[in-house]
Amino acid sequence: MQEICILTDSESAYTAQIHQISCISQTADQKGTTMNTRIDITGPLRERYDEILSPEALQFLTELHDRFAGRRHDELAARMRVRYALGNGRNLGFLPETQAIRDDAEWRVAGAGPGLEDRRVEITGPTDRKMTINALNSGANVWLADQEDATSPTWQNVIEGQLSLFDAVRGRIDYTSPEGKEYRVTAEQTPTIVVRPRGWHLVEKHLTHVDRAGRRMPASGSLVDFGLFFFHNAAELIAAGRGPYFYLPKLESHREARLWNDVFTFAQERLGIPHGTIRATVLIETYPAAFEMEEILYELREHCAGLNAGRWDYIFSIIKNYRGRGARFVLPDRDQITMTVPFMRAYTELLVKTCHRRGAHAIGGMSAFIPNRRDPEVTARALEKVSADKQREATDGFDGTWVAHPDLVPTARDQFDRVLQGRPNQLDRQRDDVAVTAEQLLDVSSTNGSITLAGVRENVSIGIRYIDSWLRGIGAAAIDNLMEDAATAEISRSQVWQWIHQDVVTEEGVQLTREVVEGILSDLLATLPRVEDDRLDDAADVFREVALGEEYPTFLTLTAYSRYLVEEPVPAAA
């Protein structure tokens with residue numbers, strides 16, 4: 001129940017006002033009594049924040065929440081019911097009630113919008129000004145402007161990320177670092193921007209939705225991120241020959257896709273934008289969603305461009321949902337769970353087949369290896385690993401892929417250029433040779449590998465150091481020459497939790513207990529280099545709760561956000 005408690009904390013002290021900037025949406029109840037709904041700002045207003053949090057934008061956010069906040073909570077409750085059923089022995093399958101949708105061979109999705117026809121290389125990254133400029137100069141076809149797993153959702157990151165996007169869309173972004181280094185957009189052709197808002201489960205506690213009954217709840221992170229970007233930039237993007245495009249994360253059902261589709265329909269109508277202008281790419285990164293790919297495409301068909309294989313969150317989702325189901329659902333060390341193990345092959349091949357059958361792009365995932373410009377050996381190894389990963393994706397039929405670093409763009413492009421041979425995509429490759437069963441999607445037990453003390457230490461180390469980075473406002477962190485974000489950190493802490501609760505014995509003969517992992521954690525804290533502003537002690541406390549606790553929190557970021565990232569309001573001057 002922890003997730004819902006956090007999401008519905010209507011009595012939070014953070015709803016005290018420092019600025020009573022609100023927008024009012026006049027509605028009437030059934031008796032005709034006029035009630036006020038609004039969004040209140042409870043976070044501090046810094047330079048230029050008023051450009052993003054304008055009265056008109058807040059009015060738009062209010063209307064989004066009035067119409068969709070209740071449905072969002074209903075879908076989150078539905079997620080909990082599915083998790084409960086899985087934990088009690090149920091296995092997922094393809095839905096019998098939607099068989100007619102899967103059997104109908106005629107329907108297609110809207111497909112690529114302007115600027116999305118060729119997506120062979122997409123660069124991912126957070127939306128701070130420096131990373132925005134680096135992404136725009138990267139030479140990639142698409143920039144996934146990430147307000148989700150690669151962004152620590154501090155109030156500053158949320159609003160200043162919107163300012164970065166606002167300026168980037170208008171071609172006027174620059175940045176000067178504290179050391180005096182200047183960053184400017186120099187590329188003649190910049191990537192098409194696709195924004196990833198936060199998932200349905202996350203809230204924005206610096207904005208409060210006050211409903212018709214006067215109840216106060218934190219705003220939806222999804223509706224805030226989508227709403228602010230769409231309100232300020234949709235018309236500008238359309239005028240520039242592109243459009244408002246989004247990546248939709250963490251969906252677990254076609255009903256959640258339907259909710260997004262209704263949000264899009266309302267938003268376009270509200271701003272006078274033609275229906276179907278929005279294009280969405282859905283990340284299939286939860287285990288339940290893998291069984292509803294066609295249904296998700298169908299619900300979003302008037303706004304859908306494709307699906308993405310979100311590999312790291314997908315692995316995390318399987319561990320989360322089957323963490324208590326016995327030894328056959330226990331995976332080996334994280335670095336042994338590759339894209340070629342049977343259950344990952346089944347998932348990616350089904351995604352390509354499903355997408356191409358419906359005219360949707362299939363976009364591959366991100367290899368975690370990154371180059372190190374100070375270490376040629378590390379760089380050579382990263383390029384070799386990434387090249388092999390992208391060769392596999394291109395050969396399997398994917399239309400494009402992700403990279404996490406500008407230096408990887410040429411490597412990924414080379415592999416897709418070889419397969420595409422001048423074509424913008426390979427939608428014509430139908431993959432009729434693929435037939436994936438429900439059992440293959442859950443064939444975890446065929447994953448070869450072992451659980452070692454080195455793997456345990458690596459998970460603890462990555463978990464602690466990533467959470468430390470996240471608490472300091474950095475959501476994408478280079479750790480041991482790998483790009484770690486919230487998804488990879490979730491795998492690390494979830495494996496530790498599962499290994500302890502399934503009484504795992506390592507290759508060395510050590511039974512994993514809380515005490516053993518606590519000893520590893522203590523040793524790590526004693527050896528990690530410390531700096532004045534580190535958050536390692538706080539990170540250790542979070543890790544203990546999410547990896548060593550008796551209960552399993554559904555997302556490590558939920559408690560950490562409420563405890564550490566919500567800025568205390570300062571009373572307004574009298």
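The residue numbering used here restarts from 1 in each chain and proceeds along that chain's sequence as written. Restriction of local features to residues with pLDDT of at least 70 applies here, the model being predicted, together with a cutoff of 80 or more for giving and counting side-chain atom pairs; totals for whole chains, interfaces and linings are based on all residues. Only hydrogens and water are set aside; all other atoms, that is, all heavy atoms of the structure, feed into the side-chain values.

Caption draft 1: Local environment of the overall build of the protein. Each helix is a run of H or I in the DSSP string that is no shorter than four residues. Each strand is a run of E no shorter than two, and both are numbered from the N terminus. Each helix and strand in the protein was counted, giving 20 helices and 16 strands. In terms of overall size, the protein behaves like a compact globule, its C-alpha atoms giving a radius of gyration of 23 Å where 574 residues would be expected to give roughly 25 Å. For every residue, the accessible area obtained with a 1.4 Å probe (protein chains only) is divided by the maximum for its type, and the residue is called buried under 20%, exposed over 50%, and partly exposed between those limits. Burial status across the protein gives 60% buried among its 574 residues. We call two residues in contact whenever any of their non-hydrogen atoms come within 4.5 Å of each other. Sequence-distant contacts in the protein: of pairs separated by 6 or more residues, those separated by 24 or more amount to 79%. In this description, accessible areas are obtained by the Shrake-Rupley approach with a 1.4 Å probe, and a residue is regarded as covered only by the protein chains that are shown. Accessible surface computed for the protein: about 22100 Å², of which carbon and sulfur atoms make up 49%. With the radius of gyration taken over C-alpha atoms, the globule rule is written as 2.2 Å times the number of residues to the power 0.38.

Caption draft 2: Spatial organisation of the pairing of strand S9 (residues 216–220). Across the five residues of S9, four count as buried, placing the element largely inside the fold. Between any two strands, pairing holds if DSSP finds at least two bridges. Examined bridge by bridge, strand S8 (residues 203–210) and S9 share five bridges and lie antiparallel to one another. The residue of S9 that forms the bridge with His 209 is Met 217. Linking S8 to S9, which pair antiparallel, is a turn of five residues; within it Gly 214 sits at a positive phi near 80°.

Caption draft 3: A look at the packing of aromatic side chains. Each aromatic pair joins two rings of Phe, Tyr and Trp (for Trp, the six-membered one) with centres within 6.5 Å, and gets the label stacked for planes under 30 degrees apart, edge-to-face for over 60, and tilted for any other angle. Under the definition given, this model contains 23 aromatic pairs. Between Phe 226 and Phe 264, the ring centres sit 5.6 Å apart and the planes meet at 45°, which makes this aromatic pair tilted. Of this pair, Phe 226 sits in helix H7 (residues 221–239) while Phe 264 is found in helix H8 (residues 254–271), placing the two residues 38 residues apart along the sequence. As far as the burial class goes, Phe 226 and Phe 264 line up, both buried.

Caption draft 4: Broad picture of the pairing of strand S12 (residues 304–309). Across the six residues of S12, six count as buried, placing the element largely inside the fold. As paired strands, strand S11 (residues 279–284) and S12 are joined by five bridges and run parallel to one another. Within S12, the residue paired with Val 282 across the bridge is Leu 307.

Caption draft 5: Broad picture of the packing of helix H11 (residues 311–322) against helix H12 (residues 342–357). For the pair H11 and H12, interaxial distance at closest approach is 12 Å and the crossing angle is 125°. Classified by the interaxial angle, the pair formed by H11 and H12 is oblique. Here the hand of the crossing between H11 and H12 comes out right-handed. Facing Arg 311, Tyr 314, Ile 315 and Ile 318 of H11, the residues of H12 in contact are Phe 343, Met 344 and Tyr 347. Of the residues contributing to the contact of H11 with H12, the split by class is six nonpolar, no polar and one charged. Geometry is summarised by axes, namely lines fitted to C-alpha atoms with helices restricted to the contacting stretch, and by angles between N-to-C directions that run from 0 to 180 degrees. Oblique is the label for any angle not covered by the other classes, which are roughly parallel (under 35 degrees), roughly antiparallel (over 145) and roughly perpendicular (65 to 115). For any helix crossing, the convention is left-handed if the near helix is rotated counterclockwise from the far helix by under a right angle, and right-handed if that rotation is clockwise. Polarity classes work like this: nonpolar for Ala, Val, Leu, Ile, Met, Phe, Trp, Tyr, Cys and Pro, charged for Asp, Glu, Lys and Arg, and polar for all others, with Gly in that last group.

Caption draft 6: Local environment of the pattern of salt bridges. Note on definitions: salt bridges are taken to be side-chain nitrogens of Lys or Arg within 4 Å of carboxyl oxygens of Asp or Glu. On inspection of all chains with the given rule, the structure shows 55 salt bridges. When the shortest N-O distance is used, the salt bridge between Arg 184 and Asp 174 registers 3.2 Å. In this pair, Arg 184 sits in strand S6 (residues 182–184) while Asp 174 sits in strand S5 (residues 174–176), placing the two residues 10 residues apart along the sequence. Exposure remark for Arg 184: the relative accessible area of 47% places this residue in the partly exposed category. Overlapping salt bridges bring together Arg 311, Arg 345, Glu 349, Asp 389, Lys 390, Arg 392, Glu 393, Asp 396, Arg 431 and Asp 433 as one network.

Caption draft 7: Highlighting the nonpolar core. Definition used in this section: a nonpolar core is a set of buried Ala, Val, Leu, Ile, Met, Phe, Trp, Tyr and Cys residues joined via side-chain atoms within 4.5 Å. Core analysis: the biggest nonpolar cluster contains 120 residues, and Phe 226, Ile 284 and Leu 441 have the highest contact counts within it. Beyond its immediate stretch of four places on either side in the chain, Leu 441 contacts Phe 94, Tyr 287, Ala 290, Phe 291, Tyr 314, Ile 318, Phe 343, Ala 346, Tyr 347, Leu 350 and Val 436. Counting 38 residues, the second-largest nonpolar core is a separate cluster that includes Ala 486, Ile 520, Leu 524 and Ala 547.

Caption draft 8: The arrangement of the state of the cysteines in detail. Only a pair of cysteine sulfur atoms within 2.5 Å counts as a disulfide in this structure description. In total, this model carries zero disulfides according to the counting rule given. For the unlinked cysteine Cys 304, the closest cysteine sulfur is that of Cys 355, found at 7.6 Å. According to the relative accessible area criterion, Cys 304 is buried, its value standing at 0%.

Caption draft 9: Representation of H11. With 12 residues, H11 should reach 16 Å at 1.5 Å per residue; the first-to-last C-alpha distance of 17 Å fits that figure. By the criterion of burial, H11 is predominantly enclosed, with 12 of the 12 residues buried. Taken together, the buried positions of H11 are Arg 311, Trp 312, Asp 313, Tyr 314, Ile 315, Phe 316, Ser 317, Ile 318, Ile 319, Lys 320, Asn 321 and Tyr 322. One less than the number of residues in a helix, times 1.5 Å, gives the span that helix is expected to have.

Caption draft 10: Geometry of unusual backbone geometry. Despite not being glycine, Arg 48 shows a phi value in the positive range, around 70°. The topology assignment puts Arg 48 in the loop between strand S2 (34–41) and helix H2 (49–52). Look at Arg 48 and you get partly exposed, because its relative accessible area is 24%. In this structure, Asp 480 takes a positive phi of about 55° despite not being glycine. Looking at where Asp 480 falls in the secondary structure, it is placed in the loop between strand S15 (477–479) and strand S16 (482–484).

Caption draft 11: The side chain of Asp 313, seen in detail. Following the sequence through the fold, Asp 313 ends up in helix H11. Overall, Asp 313 belongs to the buried group, its relative accessible area being 4%. A distance of 2.9 Å separates polar atoms of two side chains, one belonging to Asp 313 and the other to Lys 250. By the criterion applied in these results, polar contacts are pairs of N or O atoms within 3.5 Å in which, for protein atoms, one can donate a hydrogen and the other can accept it, and in which residues neighboring in sequence qualify only through two side-chain atoms.

Caption draft 12: Expanded view of the packing of helix H6 (residues 155–169) against H7. For the pair H6 and H7, the least separation of the axes is 10 Å and the interaxial angle reads 10°. As far as their axial angle goes, H7 and H6 are roughly parallel. When the axes of H6 and H7 are compared, the crossing they make is right-handed. Packed against H6, whose contacting residues are Val 158, Ile 159, Gln 162, Leu 165, Phe 166 and Val 169, the element H7 presents Val 224, Asp 225, Leu 228, Phe 229, His 232, Asn 233, Glu 236 and Leu 237 at the interface. Among the residues making up the contact of H6 with H7, the classes are represented as nine nonpolar, three polar and two charged.

Caption draft 13: Representation of the environment of Arg 381 within the structure. The topology assignment puts Arg 381 in helix H13 (residues 376–396). In sequence terms Arg 381 and Thr 554 are 173 residues apart; their C-alpha atoms lie 34 Å from each other.

Caption draft 14: Summary view of helix H14 (residues 409–420). In this model H14 runs 16 Å from its N-terminal to its C-terminal C-alpha over 12 residues, within 8% of the 16 Å that 1.5 Å per residue would give. Val 409, Thr 411, Ala 412, Gln 415, Phe 416 and Leu 420 are the residues of H14 that are buried. Looking at the packing, one finds that the buried side of H14 touches strand S3 (121–126), H13 and strand S14 (400–403). Of the residues one or two after H14, Gln 421 is the one with positive phi, at around 50°.

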